[in-house]
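Each chain is listed here by its residues.
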Amino acid sequence: MPSDDLSATRRALHGVAELVMAGPQYRQSGTIRLRVTPGGFATVAAPGLRVEGDTLVTETGAALALGDATCAGLARAADVEAGRPEGLYTDGSGVGLDETLHVDPAAARHLADCLAIGDAALRHLAAEVTPVLWPEHFDLGITLDEVNYGISLGDSAIAKPYAYVGPWRAREGAFWNVPFGAARRISELGGAGEVVAFLEEGRRQAAR
């Protein structure tokens, strides 16, 4: 997967998640939480919106192409008020409402596959906890005993999707390889089983 295609597509999907889905959902239903769905991700409350690959599907079932669109235009077509959820966090996608989105279909499918792997792994790790896709950093995660577990689709520190374990209090040892805890690229780990093994090892290491 070319890095440029992956980075541009991740940025575009992050912008849609934040400005077209989480923001309108917060204003209408009071929550910014998103969830993983087949082929992508969706809101958890009204308005009912979901991304499948490189397409936004609206409450009426209309399919809107993400490539070469803008978040403002997508929101108008979906009949929602575009914009981030105000007053909740300082970071975010950095995508402007009128910025043209660049979405590579293959990269979008790859990112959706990573979310699906992460969702399955997190549910295996803790079946009683529902994973949340957060629009601030565009990562899927849960928290157990003051330790964050999750999947990031990539960021300025690690460009490609990775699994992570982030204790609220720093731990010491070879397992902990990044400032916030431990991280391994999904491409290095493999499928959901290997991601589960990494997260479970993180849980054991954090408990020491």
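The structure this text deals with has already been given above.
Residues numbered from 1 in each chain as written. Predicted model: local features only at pLDDT ≥ 70, side-chain atom pairs only at ≥ 80, totals over all residues. Heavy atoms only, no water.

A. Region of interest: the side chain of Ser152. Positionally, Ser152 belongs in strand 8 (residues 147-152). Here the side chain of Ser152 touches Gly154 through a polar contact of 3.1 Å, landing on its backbone nitrogen. (Helix = DSSP H or I, 4+ residues; strand = E, 2+ residues; numbered from the N terminus. Polar contact = N/O pair within 3.5 Å; in protein donor to acceptor, adjacent residues only side chain to side chain.)

B. Main features of the pairing of strand 8. Of all six residues making up strand 8, five are buried, and the element is well covered by its neighbours. In terms of strand pairing, strand 7 (residues 139-144) meets strand 8 through six bridges, oriented antiparallel. Following the sheet pairing, Thr143 is matched in strand 8 by Asn148. One ladder, built from six bridges, connects strand 8 with strand 9 (residues 162-167); its direction is antiparallel. Within strand 9, the residue paired with Ser152 across the bridge is Tyr162. (Buried < 20%, exposed > 50% of the residue type's maximum accessible area, 1.4 Å probe, protein only. Pairing = 2+ DSSP bridges.)

C. Spotlight on the packing of aromatic side chains. Counted under the stated rule, the structure contains six aromatic pairs. Relative to Trp176, the ring of Phe175 has its centre 4.9 Å away and its plane inclined at 90°; by these criteria the two rings are edge-to-face. Each member of the pair, Phe175 together with Trp176, is buried. Here a set of aromatic residues connected by ring pairs shows up, and it is made of Tyr162, Tyr164 and Phe180. The positively charged end of Arg184 is found above the aromatic ring belonging to Phe175, 5.0 Å away from the centroid. (Phe/Tyr/Trp six-rings, centres within 6.5 Å; stacked < 30°, edge-to-face > 60°. Lys NZ or Arg CZ within 6 Å of the ring centre and 35° of its normal.)

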